[in-house]
Amino acid sequence: MSRSGCHTERGELRIYESSDEVATELADYIAELSEVSVKERGFFAIALSGGSLISLMRKLCGAPYNKTVDWTKWYIFWADERVVPKNHADSNYKLAKDCLLSKVPLIPSHVYSINDSLSAEEAASEYEFVLRQLVKTRTVGVSEINDCPKFDLILLGMGPDGHVASLFPNHMILEEEDEWVTYITDSPEPPPERLTFTLPVINSASNVAVVVTGIGKAETLHLVIDDVGPDCSVLPARMVNPGNGNLVWFLDKLAASELEAFKCTEQEGKSRK
Ligand SMILES: O=C(O)[C@H](O)[C@@H](O)[C@H](O)[C@H](O)COP(=O)(O)O
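On a predicted model such as this, the values are computed, not experimentally measured, just so you know.

Observations regarding the packing of aromatic side chains
Here the structure, examined in full by the defined rule, presents 9 aromatic pairs. A centroid spacing of 5.3 Å and a plane angle of 70° characterise the contact between Phe-77 and Phe-151, whose relative ring orientation is edge-to-face. With a gap of 74 residues between them, Phe-77 in strand 4 (residues 74-78) and Phe-151 in the loop between strand 7 (149-150) and strand 8 (153-156) connect regions that are remote in the sequence. By the burial criterion, Phe-77 is buried, and Phe-151 matches it. Among the aromatic residues, those joined into a ring-pair cluster are Phe-77, Tyr-112, Phe-151 and Phe-197. Above the face of the Trp-180 ring, Arg-132 is positioned so that its terminal group lies 3.8 Å from the ring centre.

Section: the nonpolar core
The biggest cluster of nonpolar side chains holds 90 residues, and the ones touching the most others in it are Ile-30, Met-57, Phe-77, Phe-151, Phe-197 and Trp-249. Looking at this core, the element that brings in the most residues is helix 1 (residues 19-41), giving 9 residues.

Some thoughts on the pattern of salt bridges
Considering all chains together, one arrives at 12 salt bridges under this definition. The closest approach of N and O atoms between Glu-128 and Arg-132, which form a salt bridge, is 2.9 Å. Taken together, the residues span about one helical turn, with Glu-128 and Arg-132 both in helix 5 (residues 120-136) at a distance of 4 residues. One salt bridge in this structure joins Lys-150 and Glu-144, with 3.5 Å as the shortest N-O distance.

Comments concerning the sheet that holds strand 5 (residues 80-82)
Within the open sheet, the 3 strands sit side by side as 5-10-9. Their pairing is antiparallel. The open sheet is flanked by strand 5 and strand 9 (181-184), the only strands paired with a single partner. Going from strand to strand, the sheet's axes swing by 20° on average, the running direction of each strand aside. Relative to strand 10 (residues 194-197), strand 9 runs antiparallel, the two sharing 4 bridges. For Thr-182, the partnering residue across the bridge sits in strand 10 and is Thr-196. Contacting strand 9 and strand 10, helix 5 runs over the sheet at an angle of about 165° to strand 9.

Some details on the site of the ligand
Around the ligand sit 15 residues, and of these Ser-52, Asp-80, His-163, Ala-165 and Lys-217 come closest. Contacts to the ligand include Gly-50, whose backbone N or O atom sits 2.9 Å from an oxygen atom. With respect to the ligand, the side chain of Asp-80 contributes an N or O atom lying 2.6 Å from an oxygen atom. When the ligand is considered free in solution it has 420 Å² of accessible area, and contact with the protein chains removes 87% of it.

The rules behind each value
Residues numbered from 1 in each chain as written. Predicted model: local features only at pLDDT ≥ 70, side-chain atom pairs only at ≥ 80, totals over all residues. Heavy atoms only, no water. Phe/Tyr/Trp six-rings, centres within 6.5 Å; stacked < 30°, edge-to-face > 60°. Helix = DSSP H or I, 4+ residues; strand = E, 2+ residues; numbered from the N terminus. Buried < 20%, exposed > 50% of the residue type's maximum accessible area, 1.4 Å probe, protein only. Lys NZ or Arg CZ within 6 Å of the ring centre and 35° of its normal. Core = buried A, V, L, I, M, F, W, Y, C linked by side-chain atoms within 4.5 Å. Salt bridge = Lys/Arg side-chain N within 4 Å of Asp/Glu carboxyl O. Pairing = 2+ DSSP bridges. Axes fitted to C-alpha atoms, helices over the stretch in contact; angles between N-to-C directions. Contact = heavy atoms within 4.5 Å. Near = heavy atom within 4 Å. Polar contact = N/O pair within 3.5 Å; in protein donor to acceptor, adjacent residues only side chain to side chain. Areas by Shrake-Rupley, 256 points an atom, 1.4 Å probe, with all protein chains shown as cover.

Right, dumping it as structure tokens:
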């Protein structure tokens, strides 16, 4: 059950007691969006990231979701991927496959992993080409305000430096406006070569959820969510702002502990006692 929730200029905050509760609520949220998208569009186009997000999605593999979700309508993409072979320990595809995708009855041809036999630049351009075909057939929706894909859901994590997908602070790809998928060869975190959706694609989605847990992210999250100084404008997580879509932050109380909204609720709770 949600410990507290509120709407801010940076989207809706859903704060839970523990990361296990985040996992429970995240599964429910994804299943609900899948149902709505399948009803409205006939498909559910979802983009994943790497990191702890994937294990936080684990409850989708169990009851009731293994039976109630219409997995055959899912189309899976990656908001970012590391340029390594698919069976490499660093691969976001491998992580998702091992923890989730191999445990649910998806249609294998609906899983759009990145071509690992190409260079970063070639793989980015091929991935964008594939996306363009799927937007043409409306398997992936299209934005009403630009020609960008409109994913039903993009799931992101956030690094302690405020990066999302493979959009790192101060990197010039934050300014990319034309490409849908781009690449970097100088990631501050290994491995250095990565593909990533650009901000226009992330911000064109119908729904974006950023899932952040643990005390190590608390200070950065405060800079991202609360308006506390000029430096925070360079944080990529702060640039996530789906204009025509919904932004939801799934947080455990450790990650949320520095947020103004969280501190207020804690204070109110104490004064009531
Ligand atoms: O491929 C990647 O590295 C990820 O997509 C990246 O953006 C990740 O989501 C964050 O680094 C948060 O990761 P954690 O939740 O594991 O800290």
